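Analysis of the macromolecular model
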Amino acid sequence: MTALDALLADAAIPTSSRSFDVAAGLRRLAADAALTSPNPDLARAAQAQQRLSVVSRWVLNEPGAASHVDRLAEDPVQAGEEPDPVAAAEQLDIDGALVFGCLLYLTGHPESAEFWWKLAAGAGHRAAAYCLHLRHYELGEDREAQHWFHQLIQSMDDGADDGFFEALEVVAKYVGANGSTASAPTGCLEAEVERLASRAPGCGIVHRPDRRLADRLHHFASRR
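What comes next concerns the included structure. (Residues numbered from 1 in each chain as written. Predicted model: local features only at pLDDT ≥ 70, side-chain atom pairs only at ≥ 80, totals over all residues. Heavy atoms only, no water.)

**So, the state of the cysteines**
How we decide: Disulfide assignment relies on a single distance test, namely cysteine sulfur atoms paired within 2.5 Å.
For the structure shown, the criterion picks out 0 disulfides. We note that Cys102 lacks a disulfide partner, and the nearest cysteine sulfur, in Cys131, lies 4.4 Å from it.

**Examining the nonpolar core**
Put simply, the rule is: Residues enter a nonpolar core if they are buried and are Ala, Val, Leu, Ile, Met, Phe, Trp, Tyr or Cys, with the set joined through side-chain atoms within 4.5 Å. Residue burial is assigned from relative accessible area. The probe radius is 1.4 Å, only protein chains are included, and a residue is buried under 20% of its type maximum, exposed over 50%, and partly exposed in between. Strands are runs of DSSP state E lasting at least two residues, helices are runs of H or I lasting at least four, and both sets are numbered from the N terminus onward. For this analysis, residues touch if any pair of their heavy atoms sits within 4.5 Å.
Residues Phe100, Trp116, Trp117 and Leu217 are the most contacted members of the largest nonpolar core, which totals 47 residues. Breaking this core down by element, the ones donating at least two residues are helix 3 (40–60), helix 4 (65–72), helix 5 (94–106), helix 6 (110–122), helix 7 (126–138), helix 8 (142–154), helix 10 (187–198) and helix 11 (211–222). The element contributing the most residues to this core is helix 5, with 9 residues. Ignoring any residue separated from it by four or fewer positions in sequence, one finds Phe100 in contact with Leu72, Trp116, Leu196, Val206, His207, Arg208, Pro209 and Leu213.

**A few points about helix 4**
With 6 of its 8 residues buried, helix 4 lies for the most part within the structure. Among all positions of helix 4, only Ala65, Ala66, His68, Val69, Asp70 and Leu72 are buried. Those residues of helix 4 that are buried lie in contact with helix 3, helix 5, helix 6 and helix 11.

**Remarks on the environment of His136**
In this fold, His136 is placed in helix 7. With 12 residues separating them in the primary sequence, His136 and Trp148 have C-alpha atoms 8.8 Å apart. Apart from residues lying up to four places away in sequence, His136 is in contact with Glu114, Glu141, Glu144, Ala145 and Trp148.

**Thoughts on helix 6**
Selection rule: One fewer than the residue count of a helix, multiplied by 1.5 Å, yields its expected span.
The terminal C-alpha atoms of helix 6 lie 18 Å apart, and with 13 residues this matches the ideal 18 Å at 1.5 Å per residue to within 8%. Buried-residue contacts for helix 6 involve helix 3, helix 4, helix 5, helix 7 and helix 8. Just beyond helix 6, the residue with positive phi is Gly124, at close to 95°.

What follows is the structure, encoded as structure tokens:
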């Protein structure tokens, strides 16, 4: 036997005369597939995140979004005082709070976004409640997500608008597959948010936008 023959003999795959158990093999394949399948909770969180990004970009690109942030930037406190968003909640433009929350979410400040969405949702803003519903699903917080969905349903005089949710489902799926024509925040807008964030108090919540950010948002709107 040559050296090559010996190597081939060592490499030979052993065979067995025993019949193959097809059912057992299929069960093993199914078990392996289950181990590699995505976790349904993670899949739902990813879907909620994608949908919240779609909604936030849509809100930021709506006509009048910058004007609402204009009104939000009108600080009701005295010059030199720290703004207190909780105390001033009743004076807020709730559409502006929604827009600002969406801008914060898209620029990497989701906790601050939640704060502003809660102010708007507490005043009865449906879209803000829906944003909170999605945000809590993104975090895997089912009870909180259901709470905000319940708040949304209660705010509708005739119950849930199935057409609204179906349309959102279609739009979210389309954007996921084809991308969105709604512009994402520009680098200049992100820089303005970071400037405000650097002035946030110890709690880390980005407070009321100022005139400089509002002007930058108008510039963003004029480019579309």
